[in-house]
Amino acid sequence: MKKIEYRVEGIDAKNFNDEKSIREIKDFLSKIGLEGWELMGVVPTSQQKEGLGQNWFVTKKCILIFKKEIE
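No experiment lies behind these values; they were computed from the predicted model shown.

Rules used in this analysis
Residues numbered from 1 in each chain as written. Predicted model: local features only at pLDDT ≥ 70, side-chain atom pairs only at ≥ 80, totals over all residues. Heavy atoms only, no water. Salt bridge = Lys/Arg side-chain N within 4 Å of Asp/Glu carboxyl O. Buried < 20%, exposed > 50% of the residue type's maximum accessible area, 1.4 Å probe, protein only. Helix = DSSP H or I, 4+ residues; strand = E, 2+ residues; numbered from the N terminus. Core = buried A, V, L, I, M, F, W, Y, C linked by side-chain atoms within 4.5 Å. Contact = heavy atoms within 4.5 Å.

Asker: What's the story with the pattern of salt bridges in this structure? I'm lost.
Answerer: Opposite charge on two side chains allows them to pair when their charged atoms are near. Across all of its chains, the model carries 3 salt bridges by this definition. Arg 7 is the salt-bridge partner of Glu 9, the closest N and O atoms lying 2.8 Å from each other. According to the relative accessible area criterion, Glu 9 is partly exposed, its value standing at 23%. The partner of Glu 35 in a salt bridge is Arg 7, with the nearest N and O atoms 3.6 Å apart. Taken together, the residues Glu 35 in the loop between helix 1 (19-34) and strand 2 (38-51) and Arg 7 in strand 1 (residues 3-12) connect sequence positions 28 residues apart. Here Glu 35 falls in the partly exposed class, since its relative accessible area comes to 38%. We classify Arg 7 as partly exposed; its relative accessible area is 22%. By sharing partners, the salt bridges in this structure join Arg 7, Glu 9 and Glu 35 into a single network.

Next comes the structure, spelled out in structure tokens:
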């Protein structure tokens, strides 16, 4: 039977439009991919904001869930 190890990482989502931050995320994903980690899911976490009589949600962080097979 396969044995699976899991890894959970949080990344700051506020700068997703910033080229440097996106490059850092790509570099991180490439690095752990070389270690055998496979991205299984992304869970955005939100915070409710209010203003001008409206409510909306702002993504603050994303939780990345990875797995890899272990021997």
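Asker: Before we go on, may I ask you to explain the nonpolar core in this structure?
Answerer: Formed by Ile 11, Ala 13, Ile 32, Trp 37, Cys 62, Leu 64 and Phe 66, the largest nonpolar core amounts to 7 residues. No other element matches the 3 residues that strand 3 (residues 54-70) contributes to this core. Beyond its immediate chain neighbours, meaning those up to four positions away, Phe 66 contacts Glu 5, Tyr 6, Arg 7, Glu 9, Phe 28, Leu 29, Ile 32, Trp 37, Glu 38, Leu 39 and Met 40.

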